[in-house]
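Listed here are the chains, written in short residue letters.
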Amino acid sequence: TQKHVDFVIPDEDDSDDSVSNDADHMPAVAVDHGTNSSEGESMNPSLQSGGIGSILADDDDSTDDDDDDEAGNVVTQAKPKGSRELQRLEWGMRDGSGNNKRLMRNPKAQRELKRLQWGFHANAVQINNDPGTPRNMREALKGPEAKQWLQGLFEEYDNFFKKRSAWKFMKLPKGKRVIGTKNVLKKTFNDPKANGGTRYKLRNVLLGYQQIPGVDFSESHSPTPRDSSIRMALALALYYGDQYEEEFLEEGDEWVYTNVIDVEAAFLESKLAFPMYIKFPEYFEEYCEARGVTIPEDADCLEVGMSQYGSCHASRDWFNLAVDIYTGKGNGRVELQQSVSDPCIFYKRDGKGRVVLIGSNWVDDSVWSGKRSEIELLKRTMRERVTISDLGPIETHLGVDYKLCEDEDGKYFECSMESYLRDAVKKFEEFTGKEVRNYATPGRAHSCLEKHDGDPVNQEEYRSHVGKILFAIKKVLPDCANAIRELSSHLQCPSKEHWQALARLFGYIKHRRR
């Protein structure tokens, strides 16, 4: 196990390009003082349970037994108090004689003690991303919304049992095995399918970890388009739209720059290559009784006739079906061609060699550009095999917000991730305890970050913040690519200097990015 060192980030000397030289704008990283800390009021409320490495702003007023680090800043470490599990692990395994003699700790106890001491245990207040959603059906049926959740459960079972006939009663054949299932609950607000109200949605998924390769499935890989391929398809849509727009208008047609199509329950549409059997899902007997379905006496399982969420091969089965829909030959079909460089890009040329349809397919969401007549033909072709939703022009796709704009040079897409970036900066400031400063550039000019050979400084948090911002930089922030390249080169052993550079990048994104 590596040692982790908490610290207070000192002020930088290169403040010539920042708005203010005030040292209060620099982030501070320190360790919680435990339950006796005088800083309890300034802590993040979700971390006030004690024993957790938390983030404090302005730790200069502390009067406890503090140690000074090399930069002259105050760093205080305190073990969590009142944790029985931590006390048990500190003493290791006792000999049972009552004298509490300390024995040699075993490796498992040492790892668990380290995890507790450095704040990764659930001793902190658990943050639930959606506190209004029950964890399982047993909890849902005990709550005030039991009727709505039960209705959602029956609708999900109707989807398998009646609409798609994906489940059939079966006596388990000799030599075969059954796989378990689990219901995943999710509450969505302002849902169009619930007339703008609250939708109580359930998804019955397979426990894919119980599947055996070679027995329950053969291959599981399924491709997705690269970000560069999606951008290139949109760029070609702008180019062909500008080049062929007048020609198509003369032919009585028009160029559609974007049209998003979503396939409903895509993984349930493809056939299985291997026979598969599942146990009766929870509350299935109640469902059969409510729907008037009689369970045969000799039936002890359900045969799954179509792919299902959670199975290891579900995504691959759906992709193979999607390729067959797009590229299949026949009268009244769209007959697209699959790109050689990226298997998730599809296109079509007319008799004159013009590209009349191009699009990218990401699992069950696809974005298409081309002649309106070709897009309508594509929709008809897809509706013959699957159920689709026409979402219209692109607005948000894979976390990126798109807006079709036009200036004197022509049309272009404005891409942004403002809400994601605001959330990333906010979490960084909450962790450090101070607001990031305003910088003109994402990194220091004529300098490189050096390798740190000492103890890593808050390695887990450093990796988390770098990963968050790396996701956005790959999509919409090319001007920050060099800065994140340097920062991501030191994930194994970050230092104070690396944290300063990360704070600078967040400051640039917050204050200078439009």
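Preceding this section is the structure that the text describes.
Overview of the structure. Fair warning: this is a prediction, and the values are worked out from it, not measured in the lab. (Residues numbered from 1 in each chain as written. Predicted model: local features only at pLDDT ≥ 70, side-chain atom pairs only at ≥ 80, totals over all residues. Heavy atoms only, no water.)

## Details of the overall build of the protein chain
On a plain count of helices and strands, the protein chain comes out with twelve helices and 17 strands. Here the protein chain displays about 28,200 Å² of accessible surface, and carbon together with sulfur accounts for 47% of that area. (Helix = DSSP H or I, 4+ residues; strand = E, 2+ residues; numbered from the N terminus. Areas by Shrake-Rupley, 256 points an atom, 1.4 Å probe, with all protein chains shown as cover.)

## Some words on the sheet that holds strand S3 (residues 167-170)
Strand order in the open sheet made by the four strands is S3-S9-S8-S4, with mixed pairing throughout. Each edge of the sheet is formed by a strand with only one pairing partner; in this case those strands are S3 and strand S4 (178-179). Here strand S8 (residues 271-278) runs beside strand S9 (residues 301-306); their pairing, made up of four bridges, is antiparallel. Of the residues in S9, the one forming a bridge with Lys271 is Met306. (Pairing = 2+ DSSP bridges.)

## Considering unusual backbone geometry
Most peptide bonds adopt trans geometry, and most residues besides glycine take a negative phi value. The phi dihedral of Tyr283 is positive, around 60 degrees, even though this residue is not glycine. Looking at the secondary structure, you find Tyr283 in the loop between S8 and helix H6 (284-291). Take Tyr283: its relative accessible area is 24%, and that puts it in the partly exposed class. Here Leu398, not a glycine, exhibits a phi torsion of approximately 55 degrees, which is positive. Within the secondary structure, Leu398 sits in the loop between strand S15 (396-397) and strand S16 (400-407). (Buried < 20%, exposed > 50% of the residue type's maximum accessible area, 1.4 Å probe, protein only.)

## Considering the sheet that holds strand S11 (residues 345-349)
Pairing in this open sheet of six strands is antiparallel, and the strands run S10-S11-S12-S13-S7-S14 from one edge to the other. Of all the strands in the sheet, the pair left with one neighbour each is strand S10 (337-338) and strand S14 (388-392). Summarising the sheet, S10 and S11 pair through two bridges and their orientation is antiparallel. Across the sheet, Gln337 pairs through a bridge with Tyr347, a residue of S11. Lying over the sheet, helix H8 (residues 372-383) contacts strand S7 (255-263), S11, strand S12 (355-362), strand S13 (365-371) and S14, oriented at roughly 145 degrees with respect to S13. (Contact = heavy atoms within 4.5 Å. Axes fitted to C-alpha atoms, helices over the stretch in contact; angles between N-to-C directions.)

## So, the nonpolar core
Within the largest apolar cluster, 56 residues are counted, with the highest numbers of intra-cluster contacts made by Trp167, Phe284, Tyr326, Leu378 and Met382. Element by element, the count of residues in this core is highest for helix H7 (residues 314-327), at eight residues. Each residue touching Trp167, except ones within four places of it in the same chain, is listed here: Tyr157, Phe160, Phe161, Asn204, Ile278, Pro281, Phe284, Leu302, Glu303, Val304 and Gln308. (Core = buried A, V, L, I, M, F, W, Y, C linked by side-chain atoms within 4.5 Å.)

## A look at the packing of helix H9 (residues 418-432) against helix H10 (residues 459-476)
At a closest axis distance of 10 Å, the pairing of H9 and H10 adopts a crossing angle of 165 degrees. One finds that H9 runs roughly antiparallel with respect to H10. Considering how the two elements wind past one another, H9 and H10 form a crossing that is left-handed. Counted together, Tyr420, Leu421, Lys427, Phe428 and Phe431 of H9 and Glu461, His465, Lys468, Ile469, Phe471 and Ala472 of H10 form the full contact between these two elements. Of the residues in the contact of H9 with H10, the class split is seven nonpolar, one polar and three charged. (Parallel < 35°, antiparallel > 145°, perpendicular 65-115°, else oblique. Left-handed = near helix turned anticlockwise from the far one by under 90°. Nonpolar A, V, L, I, M, F, W, Y, C, P; charged D, E, K, R; others polar.)

## What to know about the packing of aromatic side chains
Counted under the stated rule, the structure contains 27 aromatic pairs. Of the aromatic side chains, those joined through ring pairs into one cluster are Phe154, Tyr157, Phe160, Phe161, Trp167, Phe169, Phe280, Phe284 and Tyr287. Over the aromatic face of Tyr244 sits the side chain of Arg354, whose NZ or CZ is 6.0 Å from the ring centroid. (Phe/Tyr/Trp six-rings, centres within 6.5 Å; stacked < 30°, edge-to-face > 60°. Lys NZ or Arg CZ within 6 Å of the ring centre and 35° of its normal.)

## Describing the packing of H9 against helix H12 (residues 496-511)
In a packed pair of helices, the relevant descriptors are the angle between the two axes and the axis-to-axis distance. Direction vectors running N to C along H9 and H12 enclose 140 degrees, while the axes themselves pass 10 Å from each other. Considering their axes alone, H9 and H12 lie oblique with respect to each other. In this structure, H9 meets H12 at a crossing whose hand is left-handed. Listed contacts from H12 to Leu421, Ala424, Val425, Phe428, Glu429 and Phe431 of H9 are Trp499, Leu502, Ala503, Phe506, Ile509 and Lys510. Classifying every residue of the contact of H9 with H12 gives ten nonpolar, no polar and two charged.

## Here's the deal with H12
In an α-helix there are 3.6 residues to a turn, and that puts residues three or four apart on one side. In a regular helix each residue adds 1.5 Å, so 16 residues correspond to 22 Å; H12 covers 22 Å between its end C-alpha atoms and thus fits that length. Of all the 16 residues making up H12, twelve are buried; the element is thus mostly covered by neighbouring parts of the structure. Within H12, burial applies to His498, Trp499, Gln500, Ala501, Leu502, Ala503, Arg504, Leu505, Phe506, Gly507, Tyr508 and Ile509. Buried residues in H12 make contact with H9, H10 and helix H11 (481-487). (Expected span 1.5 Å × (residues − 1).)

## Considerations on the pattern of salt bridges
Under the criterion given, the structure shown has 20 salt bridges. Across the pair Arg135 and Glu139 runs a salt bridge, and its minimum N-O distance is 3.0 Å. Overall, the relative accessible area of 67% leaves Arg135 in the exposed class. A relative accessible area of 32% places Glu139 in the partly exposed class. For Glu251, the salt bridge goes to Arg354, with nearest N and O atoms at 3.1 Å. Residue Glu251 is located in the loop between helix H5 (227-250) and S7, and its partner Arg354 is located in the loop between S11 and S12; the two are separated by 103 residues in the primary sequence. Residue classification places Arg354 among the buried residues on the basis of a relative accessible area of 7%. (Salt bridge = Lys/Arg side-chain N within 4 Å of Asp/Glu carboxyl O.)

## Some points on the environment of Arg177
Here Arg177 shows up in the loop between S3 and S4. For the pair Arg177 and Ile278, spaced 101 residues apart in the sequence, the C-alpha separation amounts to 8.3 Å. Not counting the four nearest positions on each side in its chain, Arg177 is found in contact with Leu172, Gln210, Gln211, Ile212, Asp216 and Tyr277. Separated by 2.7 Å, the side chain of Arg177 and the backbone oxygen of Gln210 make a polar contact. Separated by 2.8 Å, the side chains of Arg177 and Asp216 make a polar contact. (Polar contact = N/O pair within 3.5 Å; in protein donor to acceptor, adjacent residues only side chain to side chain.)

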